[in-house]
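Residue strings, one per chain:
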Amino acid sequence: MHKDDAHAGQAIYSPFVLSLYDMGVLGLSCRWLWRCPSSVLLAHYQRHISSNHLDVGVGSGFFLDKVRFPASRPRVGLMDLNPNSLAYCARRIARYQPEVLQRNVLEPVAYTGNRFDSLAMNLLLHCLPGSLFDKARALDNLLPMVNAGARVFGATLLQEGVPRNIAARGAMRVYNRRGIFSNQDDSLAALAQVLTRRLDQVDIQVEGCMGLLWAGKISHGLSLWCYPKNKKAPIGSLFI
């Protein structure tokens, strides 16, 4: 990976692009290209967020603005490489007085503050360079920032192991060519492998071509659950 590759996926987010992000990305693309409406992503946030939360890859701050925190005065940390995204999100949720950290998650994160009880990496992994095994460095760098028992959750766009319509295939091809995405080799199986190597429990649900994930601590081993769209029961599980 060239050192500039880590910057390519976030470089597009200018103040102008961020002003259109909710409508263009979360409104149109998520619903019609990726077949995972933003309402599904928001519900995922609502299930897993804590009142001591770190958000990595903050985008426009849409989900942090809309989610109902368990407490009225949550502690919120924002981490991103792009200063535009950080400033835009921080203004949007100024009522929470967020802690702002400009960091490259593929490099060791210098941080001496208190740890967090939840960590979101939402719509981030498919923008990071390399394979999912390369991107796993982000988890290695971030996990020391969370407490034991913390929930790690988020969503990422996959190419293998998920259904993709013609429009989604074409859009991903263009975005990868332009360096906005880097998910040519990202698969459901690789995502599961990366997560289960690092976390005690992993749950991945497929919605369209999006993998919605969360991880939490359990006492009896590692488990992987994969849910197909519109199904309540797991189609497969692995216990280690």
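Look up: the structure comes first, before these words.
Anyway, here's the lowdown on the structure attached to this text. The model shown is predicted, which means the values in this text are computed figures rather than measured ones. Sequence order sets the numbering: in each chain, residues are counted from 1 along the sequence as written. For this predicted model, a pLDDT threshold of at least 70 governs which residues receive local features, and a threshold of 80 or more governs which side-chain atom pairs are given and counted, while totals over whole chains, interfaces and linings are taken from all residues. Heavy atoms from the whole structure form the basis of all side-chain values; hydrogens and water molecules are not counted.

### Side note on a positive patch on the surface
Now for step 1: Taken together, the side chains of Arg169, Arg173, Arg177 and Arg178 make up a positively charged region of the molecular surface.
Now for step 2: Mapped onto the elements of the fold, Arg177 is located in helix α7 (residues 166-178). Excluding any residue in a salt bridge, patches collect residues exceeding 30% relative accessible area, merging like charges within 9 Å and nonpolar Val, Leu, Ile, Met, Phe, Trp and Tyr side chains within 5 Å. Accessibility throughout is a Shrake-Rupley quantity obtained with a 1.4 Å probe, and a residue counts as covered only by protein chains that appear here. Just to be clear on terms, a salt bridge is a Lys or Arg side-chain nitrogen sitting within 4 Å of an Asp or Glu carboxyl oxygen. Think of it this way: Lys and Arg go in the positive column, Asp and Glu in the negative one, and His and the chain ends go nowhere. Throughout, a charge is located at the NZ atom of Lys, the CZ atom of Arg, the CG atom of Asp or the CD atom of Glu. Where helices and strands are cited, they refer to DSSP runs of H or I of at least four residues and of E of at least two residues respectively, numbered from the N terminus.

### What to know about the packing of helix α2 (residues 15-33) against helix α5 (residues 83-92)
For any two helices packed against each other, the geometry is given by the interaxial angle and the distance between the axes.
Now for step 1: Where α2 contacts α5, the axes come no closer than 9 Å and their chain directions differ by 50°. Taken together, the axes of α2 and α5 are oblique relative to one another. You can see that α2 and α5 cross each other, and the crossing is right-handed. For the pair α2 and α5, the contacting residues are Pro15, Leu18, Ser19 and Asp22 in the first and Asn84, Ser85, Tyr88 and Arg92 in the second.
Now for step 2: The nonpolar class holds Ala, Val, Leu, Ile, Met, Phe, Trp, Tyr, Cys and Pro. Asp, Glu, Lys and Arg form the charged class, and all remaining residues, Gly among them, are polar. Grouping the constituent residues of the contact of α2 with α5 by class yields 3 nonpolar, 3 polar and 2 charged. In this analysis an axis means a line fitted to C-alpha atoms, helices contributing only their contacting stretch, and an angle means the value between N-to-C directions, from 0 to 180 degrees. In these notes the angle categories are as follows: under 35 degrees is roughly parallel, over 145 is roughly antiparallel, 65 to 115 is roughly perpendicular, and the rest is oblique. We call a crossing left-handed when the near helix sits turned anticlockwise from the far one by less than a right angle, and right-handed when that turn is clockwise. Residue contacts are defined here by distance: any two heavy atoms, one from each residue, within 4.5 Å place the two residues in contact.

### A few points about a nonpolar patch on the surface
Now for step 1: On the surface, a cluster of nonpolar side chains totalling about 590 Å² of accessible area is made up of Phe16, Leu20, Met23, Leu28 and Trp32.
Now for step 2: Here Leu20 lies in helix α2.
Now for step 3: Burial status follows relative accessibility: with a 1.4 Å probe on protein chains alone, a residue under 20% of its type maximum counts as buried, one over 50% as exposed, and anything between as partly exposed. Taking relative accessible area as the criterion, Leu20 reaches 38% and is therefore assigned partly exposed.

### Examining α7
Now for step 1: Look at α7: 19 Å from first C-alpha to last across 13 residues, which is about the 18 Å you get at 1.5 Å a residue.
Now for step 2: Turning to α7, its buried residues are Ala168, Ala171, Met172 and Asn176. Looking straight down α7, one finds that the buried residues subtend no more than 130° of arc, so they occupy a single side. Residues of α7 that are exposed and point more than 90 degrees away from the buried face comprise Ile166, Arg173, Arg177 and Arg178.
Now for step 3: Next to the buried residues of α7 lie α2 and β5 (146-157). A helix is expected to reach a length of 1.5 Å times the quantity of its residues less one. This arc is taken over the directions from the axis of the helix to the C-beta atoms.

### Quick word on the pairing of strand β2 (residues 75-80)
Now for step 1: The buried fraction of β2 is high, at 5 of 6 residues.
Now for step 2: In the sheet, strand β1 (residues 52-56) pairs with β2 via 5 bridges, with the strands oriented parallel. Its bridge partner being in β2, His53 is matched across the sheet by Val76.
Now for step 3: The handedness of the β2 to strand β3 (residues 99-102) crossover, carried by α5, is right-handed. Should DSSP find at least two bridges between two strands, the strands are taken to pair. Clockwise travel from the first strand over the helix to the second, with the strands pointing away from the viewer, marks a crossover as right-handed.

### Examining the nonpolar core
Now for step 1: Judged by nonpolar contacts, the single largest core of 76 residues is most densely connected at Trp34 and Met210.
Now for step 2: With residues up to four places along the chain from it excluded, the contact list for Trp34 reads Ser29, Leu157, Ala168, Ala171, Met172, Tyr175, Phe181, Glu207, Gly208, Cys209 and Met210. Only buried Ala, Val, Leu, Ile, Met, Phe, Trp, Tyr and Cys residues count toward a nonpolar core, and they belong to the same one when joined by side-chain atoms within 4.5 Å.

### Description of the side chain of Asn122
Now for step 1: Positionally, Asn122 belongs in strand β4 (residues 116-122).
Now for step 2: Here Ala155 takes part through its backbone nitrogen, which lies 3.3 Å from a polar atom of the side chain of Asn122.
Now for step 3: If we skip the residues at most four places from it in the chain, Asn122 touches Leu41, Tyr45, Val56, Gly57, Phe63, Gly154 and Ala155. As used in this structure description, the phrase polar contact means that two N or O atoms lie within 3.5 Å; if the pair is within protein, one of them must be able to donate a hydrogen and the other to accept it, and residues adjacent in sequence are counted only when both atoms belong to side chains.

### Description of helix α3 (residues 38-48)
Now for step 1: Where α3 is concerned, the buried positions are Ser38, Leu41, His44, Tyr45 and His48. Looking down the long axis of α3, one finds its buried residues gathered within 115° of arc, a one-sided arrangement.

### As for the pattern of salt bridges
Now for step 1: This structure, assessed with the given rule, holds 6 salt bridges.
Now for step 2: Close ionic contact of Glu99 with Arg75 constitutes a salt bridge, the shortest N to O distance being 3.5 Å. In this pair, Glu99 sits in strand β3 while Arg75 sits in strand β2, placing the two residues 24 residues apart along the sequence.
Now for step 3: Where Lys135 meets Asp186, a salt bridge forms, and the shortest distance between an N and an O atom there is 2.7 Å. Of this pair, Lys135 sits in helix α6 (residues 132-142) while Asp186 sits in the loop between α7 and α8 (188-196), placing them 51 residues apart in sequence.
Now for step 4: When its relative accessible area of 1% is taken as the criterion, Lys135 is described as buried.
Now for step 5: On the accessibility criterion, Asp186 (0% relative accessible area) is buried.
Now for step 6: If you follow the salt bridges from partner to partner, you end up with Asp22, Asp65, Arg92 and Arg95 in one network.

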